[in-house]
Amino acid sequence: DKGKPIPQPKETFLLGNVPDLDPKVPLRSLIKLAKVHGPIYQLRVPGQTLVIVSSQEMIHAVCDETKFEKVVAGPLEHVRDFAGDSLFTAFNHEPNWALAHRILVPAFRPTAIRQMQPMMMDVLAQMVMYWEHHAGQPFEAAEQFTRLTFDTIGLTAFKYRFNSFNREKPHDFLTAMTKLLGDAYTRSRRPGVVNKLMYREEAEYRSNIALLHRTCDEIVAARRKSPDPEAGDLLNRMINDKDPETGAKLPDDNIRYQMVTFLIAGHETTSGTLAFTVYYLLKNPAIMRKAREEADAAVKDAGGHLAAINPTKLPYLDAVLKEALRLQTTATFWTRAPKEDVELPGGYFLKKGQPIGVVPHCLHRDPKAWGADAEEFRPERWLEGTVFPPDSWKPFGNGARACIGQLFAMQEGLLALAVVLHRFELDFADKGYDLKIKMGITIQPDGFRIVAKPRQGRN
Ligand code: HEM
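Residues numbered from 1 in each chain as written. Predicted model: local features only at pLDDT ≥ 70, side-chain atom pairs only at ≥ 80, totals over all residues.

An unreviewed UniProt entry lists the protein chain under the name Cytochrome P450, with Saitozyma podzolica as the source organism.

## With respect to the overall build of the protein chain
Operational definition: What counts as a helix is a DSSP run of H or I of at least four residues, what counts as a strand is a run of E of at least two, and both are numbered from the N terminus. Both definitions apply: the radius of gyration is a C-alpha atom measure, and the globule rule equals 2.2 Å times residues to the power 0.38. We call a residue exposed when 12 or fewer other C-beta atoms sit within 10 Å of its C-beta, buried when the count reaches 20 or more, and partly exposed for counts in between; the C-beta positions come from the backbone. A pair of residues counts as a contact when their C-beta atoms, built from backbone coordinates, are within 7 Å of each other.
Counting secondary structure elements, the protein chain contains 18 helices and 12 strands. The C-alpha atoms of the protein chain give a radius of gyration of 22 Å, which matches the 23 Å a tight globule of 459 residues would have. Dimensions along the principal axes, computed over C-alpha positions, put the protein chain at roughly 70 × 55 × 45 Å. Looking at the protein chain residue by residue over its 459 residues, the buried ones come to 44%. The long-range fraction of contacts in the protein chain, counting pairs at least 24 apart against all pairs at least 6 apart in sequence, stands at 75%.

## Describing helix α7 (residues 141–158)
The cut-off we apply is this: The length a helix should cover is 1.5 Å for every residue beyond the first.
Helix length check: α7, at 18 residues, gives a terminal C-alpha distance of 26 Å against a target of 26 Å (1.5 Å per residue), a fit within 8%. Where burial is concerned, most of α7 is hidden: 17 out of the 18 residues are buried. At the C-terminal side of α7, K159 shows a positive phi close to 50°.

## Observations concerning the site of the ligand
Spelled out, the test is: Residues are classed as near a molecule or strand if the C-beta position derived from their backbone is within 6 Å of it. Ten residues, namely Ala, Val, Leu, Ile, Met, Phe, Trp, Tyr, Cys and Pro, are considered nonpolar, four, namely Asp, Glu, Lys and Arg, are considered charged, and the remaining ones, Gly among them, are considered polar.
In the region of the ligand, 25 residues are neighbours, and A265, T269, G397, C403 and G405 sit closest. Listed by contribution, the elements that provide at least two residues to the shell around the ligand are α12 (252–265), α13 (268–283) and α18 (406–423). Of the residues belonging to the shell around the ligand, the class tally is 14 nonpolar, 9 polar and 2 charged.

## Remarks on the confidence of the model for the protein chain
What counts here: pLDDT expresses how confident the predictor is about each individual residue, on a scale running from 0 to 100.
Taken over all residues, the pLDDT of the protein chain has a mean of 94, while the share at 70 or more is 99%. For this predicted complex, the interface confidence score (ipTM) comes to 0.99, while the overall pTM stands at 0.96.

## As for the nonpolar core
Put simply, the test is: Throughout this description, the term nonpolar core refers to a group of buried Ala, Val, Leu, Ile, Met, Phe, Trp, Tyr and Cys residues whose C-beta atoms join them within 7 Å.
Membership of the largest hydrophobic core comes to 122 residues, with the highest contact counts inside it found for L124 and A418. With 11 residues, the single largest contributor to this core is α18. In this view, L124 contacts L148, L415, A416 and V419; residues no more than four positions away in its chain are not counted.

## A closer look at the environment of G192
Tracing the backbone shows G192 in helix α9 (residues 192–197). Placed 146 residues apart in sequence, G192 and P46 show a C-alpha to C-alpha distance of 8.8 Å.

## Considerations on the UniProt feature "binding site: heme" (unreviewed entry) in the protein chain
Selection rule: UniProt positions are given in the numbering used here, feature names are shortened, and annotations may be inferred rather than shown by experiment.
The positions that UniProt labels "binding site: heme" (unreviewed entry) are, in the present scheme, C403. Examined against the element boundaries, C403 turns out to sit in the loop between α17 (367–370) and α18. Looking at C403, the number of C-beta atoms within 10 Å reads 20, which means it is buried. With near-sequence residues (within four places) excluded, C403 lies in contact with F396 and G397.

## What about the sheet that holds strand β12 (residues 449–454)?
To keep it simple, the criterion reads: For two strands to be treated as a pair, DSSP must find no fewer than two bridges joining them.
The antiparallel open sheet is built from 3 strands, whose spatial order is β4-β12-β9. Of all strands in the sheet, those with a lone pairing partner are β4 (139–140) and β9 (424–428), marking the two edges.

## So, the packing of helix α15 (residues 315–327) against α18
Operational definition: The convention used is that axes are lines fitted to C-alpha atoms, helices contributing only their stretch in contact, and that angles between N-to-C directions extend from 0 to 180 degrees. Angles below 35 degrees are treated as roughly parallel, those above 145 as roughly antiparallel, those between 65 and 115 as roughly perpendicular, and all remaining angles as oblique. For a crossing to be left-handed, the near helix must be turned anticlockwise from the far one by less than a right angle; the clockwise case is right-handed.
Relative to each other, α15 and α18 sit at 115°, their axes nearing to 10 Å. Relative to α18, the element α15 lies roughly perpendicular. Crossing geometry of α15 relative to α18 is assigned as right-handed. Contacts between α15 and α18 pair L317, D318 and L321 from the former with M410, G413, L414, L417 and A418 from the latter. Among the residues forming the contact of α15 with α18, the class breakdown is 6 nonpolar, 1 polar and 1 charged.

## Some remarks on the sheet that holds strand β1 (residues 40–45)
Taking strand neighbours across the sheet as the criterion, the 5 strands line up as β1-β2-β8-β5-β3 in an open arrangement whose pairing is mixed. The open sheet has two free edges, formed respectively by β1 and β3 (68–70), since each of these has just one partner strand. Direction aside, the axes of adjacent strands within the sheet are offset by 35° on average. Pairing between strand β5 (residues 334–338) and strand β8 (residues 356–358): 3 bridges, direction antiparallel. From the neighbouring strand, T335 faces β8, where its bridge partner is G357.

In structure tokens:
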């Protein structure tokens, strides 16, 4: 073996390093291990060794697309049980990745995303009504924003209304999907044979997958039966559009997988980001004031019509969202691997195909990249013309397999913030609340409750 040995916490007999990972919030362990072992260390988990990188220097190296690529490893391998060869979960060599990428990229270009604004505002108006009806009553921020983002992706992706603001309990689809995502993580910590032997869990797992697939297939069948050329949603593109290179269309099972993936990738990350953002705004009244001034001015520019707010003219809110994504990166972990044997900074050698876990939380607080105030919530840092070192901010992943929905998420987030700040006075429901994290496949604030009251005398 060439090169310096990669640090590793002591293994436990049979279990390797699994006991080193907090079963509820593994991110917490990854942060702690980086403090003990440094910017690179390795963990033995069932079936594989994972090399974990945490500093800007290391992560910049593994973001080099000529030498490294995304690998589907760990929990993501299990997400394939329900998302198949969709954009998010496809192996690089699977032909449907490139096919779907070429067909769907135009749907995520700036002009296409701007055309989705009325649908985004439609759901946002439902949230505003809900908050007005529940004025002064405490509710959990992440849960509210999950209703918003889940319904928004349902409407913009396939004109389906989950109607989350009209139901007490989450939609069955959301319950099944959330359970499956938790299961994907649990299953990745256990040897495959153990998963198969847990009959009851296995049966529930399979039945939740069937529910997801059935719902998606029904939506596609309904659209095929009654085409809706005006829908302007992703489903029309998936059913009708041809690959500009080959003329091929997406196979039916792949359309279903993309639908599952859009619902997974498109809601929890954005809702968590909005909840963290509101938390930081409440903790920093001066920043809240500045953000609200910008929201009010944008509504004024739109002639008082919320639906006409221009999301590209909200630079301060944009900085606020970026800063929240920096400090609380909702997509906490993604994996890459070298295309050939490779040397990393510091003289560590990795073999071709060795899975590497990237921890953006640590990258985003690396003082070498962000300075001495890296731990502080300071949106102004985005507006001072500072050039941060390359690959310092990676909440949306990297390279060819980076998030296709980045612009979608930013527009949705900006509109939601502008409307919420313009319409409501917000406060902590529990005075003195300090941030706690809960983790599914993404992170969200735990037990963070807010109260919203309509603002008096707003313009
Ligand atoms: C991929 C983050 C919103 C759709 C990714 C990846 C990250 C990410 C880190 C790369 C994963 C990896 O390397 O394994 C986020 C965050 C979001 C967000 C932080 C919100 C704040 C969305 C939205 C959509 C979406 C709204 C859809 C409308 C996707 C898809 C992929 C992806 C389809 C797979 C792309 C590919 O490999 O071709 N996202 N995402 N995401 N995201 Fe997002």
